[in-house]
Amino acid sequence: IIMAEQVKPLSEKMISILKFMQANEGSHLCADIASAIGLESKSVNPVLTALVKRGLVIVDGSAQRERVNKKGETVISNYKTYALTENGAAEVLAD
């Protein structure tokens, strides 16, 4: 008998990210998602990775943005952009 793998329920952070993305079509940078839902990028990034693994979100490209490095220099960095999959867009989220 093959046991179906148990899928953990969505976490609060996952639900917050999906709700934001469902309400705001298109591609989003992690930093923009984090800012919109009131969290730091470093806490949103692993959640986005988990949503990608679940097939609810995809990495759909990259965008460039200026940032200040540790030396105080302004540099341009590349960041991944994320978008909902059809499954992510269709996910019914409880309030």
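All of these numbers come straight from a predicted model, not from anything done at the bench. (Residues numbered from 1 in each chain as written. Predicted model: local features only at pLDDT ≥ 70, side-chain atom pairs only at ≥ 80, totals over all residues. Heavy atoms only, no water.)

**Student:** Just to check I follow, could you spell out the packing of helix 2 (residues 30-37) against helix 3 (residues 41-53) for this structure?
**Tutor:** It is the contact of helix 2 with helix 3, at a shortest axis distance of 9 Å, that shows an interaxial angle of 115°. The orientation of helix 2 with respect to helix 3, classified from their angle, is roughly perpendicular. Relative to helix 3, the crossing made by helix 2 is right-handed. Residues Cys30, Ala31, Ile33, Ala34 and Ile37 of helix 2 form the contact with helix 3, whose participating residues are Ser41, Val44, Asn45 and Leu48. Here the residues of the contact of helix 2 with helix 3 are counted per class, giving seven nonpolar, two polar and no charged. (Axes fitted to C-alpha atoms, helices over the stretch in contact; angles between N-to-C directions. Helix = DSSP H or I, 4+ residues; strand = E, 2+ residues; numbered from the N terminus. Parallel < 35°, antiparallel > 145°, perpendicular 65-115°, else oblique. Left-handed = near helix turned anticlockwise from the far one by under 90°. Contact = heavy atoms within 4.5 Å. Nonpolar A, V, L, I, M, F, W, Y, C, P; charged D, E, K, R; others polar.)

**Student:** Explanation requested: the packing of helix 1 (residues 12-23) against helix 3 in the structure shown.
**Tutor:** Any two packed helices are characterised by how steeply their axes cross, that is the angle between the axes, and by the distance between the axes. Between helix 1 and helix 3, the shortest axis-to-axis distance is 10 Å and the interhelical angle comes to 80°. Regarding the angle of helix 1 to helix 3, the classification is roughly perpendicular. Residue-level contacts link Lys13, Met14, Ile17 and Leu18 of helix 1 to Ser43, Val44, Val47, Leu48, Ala50 and Leu51 of helix 3. Partitioned by chemical class, the residues of the contact of helix 1 with helix 3 number eight nonpolar, one polar and one charged.

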